[in-house]
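Residues per chain are reported as follows:
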Amino acid sequence: MTDHRSFSPDGRPRARALGLAPSGTPGPWNAITDVAGLEVGYQTLIQGDGVLRMGAGPARTGVTAILPRGRSGVGRPCAAGRYSLNGNGEMTGTAWIDEVGQLSMPVTISNTHAIGACHTGAIRWINQAHPALAREWLLPVCAETWDGYLNDINGGHVTPELVVTALDSARCAPLEEGSVGGGTGMNCYAFKGGSGTASRLVEFGAQTYTVGVFLQANFGSRHELTIRGQRVGDRLEVGNPMETTEWGTPPGRQPAAPGGAGSVIVVVATDAPLDPLQCTAMARRVPFGLARTGTTGSLFSGDLFLAFSTAGDRPSDTGFPHGEPTAADLVGSTRLPWNRMDPMYTAVVEAVEEAVLNALIVNTSMTGRDGHFSPALPYDQLKTLLANGFR
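Everything in this summary refers to the structure shown in the same document. (Residues numbered from 1 in each chain as written. Predicted model: local features only at pLDDT ≥ 70, side-chain atom pairs only at ≥ 80, totals over all residues. Heavy atoms only, no water.)

### What to know about a nonpolar patch on the surface
Among the surface-exposed residues, W137, L139 and F320 lie close enough to one another that they form a single nonpolar patch of about 280 Å² accessible area. Along the polypeptide, L139 turns up in the loop between α3 (131–134) and β6 (141–145). (Patch = residues over 30% accessible without salt bridge, like charges linked within 9 Å, V, L, I, M, F, W, Y side chains within 5 Å. Areas by Shrake-Rupley, 256 points an atom, 1.4 Å probe, with all protein chains shown as cover. Salt bridge = Lys/Arg side-chain N within 4 Å of Asp/Glu carboxyl O. Helix = DSSP H or I, 4+ residues; strand = E, 2+ residues; numbered from the N terminus.)

### Quick notes on the sheet that holds strand β4 (residues 102–103)
Across the sheet, 6 strands lie side by side as β4-β3-β14-β13-β10-β9; this open sheet has mixed pairing. The sheet is open, and its two borders are formed by β4 and β9 (194–204), each paired with just one other strand. Where helix α6 (residues 276–284) meets the sheet, it contacts β3 (78–86), β10 (207–220), β13 (260–270) and β14 (303–309), and its direction lies at approximately 35° from that of β3. Along the sheet, helix α8 (residues 342–361) contacts β9, β10 and β13; its crossing angle with β9, the most-contacted strand, is approximately 155°. (Pairing = 2+ DSSP bridges. Contact = heavy atoms within 4.5 Å. Axes fitted to C-alpha atoms, helices over the stretch in contact; angles between N-to-C directions.)

### Description of unusual backbone geometry
A positive phi angle, near 50°, is found at N30, a position not held by glycine. In this fold, N30 is placed in the segment before β1 (39–47). Here R228, not a glycine, exhibits a phi torsion of approximately 50°, which is positive. Here R228 lies in the loop between β11 (226–227) and β12 (230–231).

### So, the pairing of strand β5 (residues 107–111)
Most of β5 sits inside the fold, with 5 of its 5 residues counted as buried. Pairing between strand β2 (residues 59–67) and β5: 3 bridges, direction antiparallel. For I66, the partnering residue across the bridge sits in β5 and is V107. Where β5 lies against β6, 5 bridges are found, and the strand directions are parallel. Paired with I109 across the strands is A143, a residue of β6. (Buried < 20%, exposed > 50% of the residue type's maximum accessible area, 1.4 Å probe, protein only.)

### Some words on the environment of G239
Along the chain, the position of G239 falls in the loop between β12 and α5 (241–244). Overall, G239 belongs to the partly exposed group, its relative accessible area being 46%. In the structure, G239 is positioned 134 residues away from F373 in sequence and 9.6 Å away in space, judged by C-alpha atoms. With residues near it in sequence (within four places) discarded, G239 still touches R222 and P375.

### Looking at empty space enclosed by the protein
Considering all chains together, one arrives at 2 cavities of 30 Å³ or more under this definition. Lining the largest cavity are L67, P68, R69, G70, G73, V74, R76, L103, S104, M105 and P106. Classifying every residue of the lining of the largest cavity by side-chain character gives 6 nonpolar, 3 polar and 2 charged. One number sums up the size of the second largest cavity: a volume of about 30 Å³. In terms of residue class, the lining of the second largest cavity is built from 5 nonpolar, 2 polar and 2 charged. (1 Å grid on protein atoms, 1.4 Å probe; cavity = no way out; pocket = protein on both sides within 12 Å on 5 of 7 lines; lining within 4 Å. Points joined across faces, edges and corners; volume = space filled by probe spheres on them. Nonpolar A, V, L, I, M, F, W, Y, C, P; charged D, E, K, R; others polar.)

### A few points about the nonpolar core
Of all hydrophobic cores here, the largest spans 49 residues; its most connected members are L225, V266, V268 and M282. Taken together, the elements giving at least two residues each to this core come down to β9, β10, β13, α6, α7 (286–292), β14, α8 and α9 (379–387). Looking at which element gives the most residues to this core, the answer is α8, with 12 residues. V35, C78, L103 and V107 belong to the second-largest nonpolar core, a separate cluster that totals 25 residues. (Core = buried A, V, L, I, M, F, W, Y, C linked by side-chain atoms within 4.5 Å.)

### Structural notes on the pattern of salt bridges
One pass over the full model with this rule turns up 15 salt bridges. Salt-bridge contacts for R292 lead to E353; the nearest nitrogen and oxygen are separated by 3.4 Å. Here R292, found in helix α7, pairs with E353, found in helix α8; they are 61 residues apart in sequence, far enough to count as distant.

### Description of helix α4 (residues 160–168)
Those residues of α4 that fall on the buried side of the exposure criterion are P160, L162, V163, V164, A166 and L167. Residues of α4 that are buried sit in contact with β1, β2, β5 and α2 (115–129).

### Overview of the packing of aromatic side chains
Counted by the stated rule, this structure contains 6 aromatic pairs. Consider the rings of Y189 and F219, whose centres lie 5.2 Å apart with planes at 65°: the pair is edge-to-face. You can see Y189 sitting in the loop between β7 (187–188) and β8 (191–192) and its partner F219 sitting in strand β10, a full 30 residues away along the chain. Residue Y189 shares its accessibility class with F219, and that shared class is buried. An aromatic cluster of three or more residues is present, and its members are W96, W137 and F320. Here the guanidinium or amino end of R285 rests over the ring plane of Y345, the centre of that ring lying 3.7 Å away. (Phe/Tyr/Trp six-rings, centres within 6.5 Å; stacked < 30°, edge-to-face > 60°. Lys NZ or Arg CZ within 6 Å of the ring centre and 35° of its normal.)

Limitation: the analysis is restricted to geometry and does not speak to function.
Structure follows, in structure tokens:
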């Protein structure tokens, strides 16, 4: 029986199997899907030989779909909050989250130029799956990171139909990582990056809550990469074409993006009863987990974070009202006391750090447009460094 905390569904080792995971107790799948009822779906596009031709180019991209309460729970709100470490990116629907402190729509993550297709596809899917809900207004969350080093990002490969398929495929199950879904064409610390996930269990008296993290890792410069507190990026004997060569689309050549450019989207989910302010506080802890892996937060990296709680499942109170108000309309809530939040913050930081490592480790090298190459993190070298105490 596969230990999904340490190995991916296809049997590849994750950070935990290599002894590189931070402290803390993960859930049974060590994934955001350990939060009961939450579902994730992927669609991955790897097509073409890497040559950018007139009107057609290679696809190294995809879509990730997250349904906080699963397919049947769309429209039922979760307490939610968000935080922007750096706004050089996009996450739609956040103005409404700021206004009411709730998330009731699907979340999709893809590439920068696919935001429109994701938004259209999410609305189309909701109209098919929940037509009554679609009669009002829909503000889905669509987030992105830039995959233009490997992917023909202007080729329109991500379509609304692909987004619908990703949403239809969402399941509560162990998750693939690395070059899948929206993370297919992404890079992290100038290695092959992409999708990563992890979870932590948090005890609260007799109750145990789950904190799950999913991220799309496309950030960091090679020299920054830090594992178990040690700077290892420059000690790994692997070429660094992203940061040491020039690349662009003929006939004009363009310089490579500055080291650290890219972006990272992080989604934090929990079944602990939190209010919107506490969800925002959880989102603000994400940068500490990222920083443990070395990043200093480049200006050219859009770093956007969303956190929500699936506790307190109830009908929405933000739709059009009907009839006269009554006492039955009043909404009550339960939340953790603020002075008990520290273990939740720790869980976020630990899970984010591990999810980044998983995105790097459960991966393979990839060649994309114009022959651009992204090497996989060589975890055999990492194991040697670990065995030698990073001397």
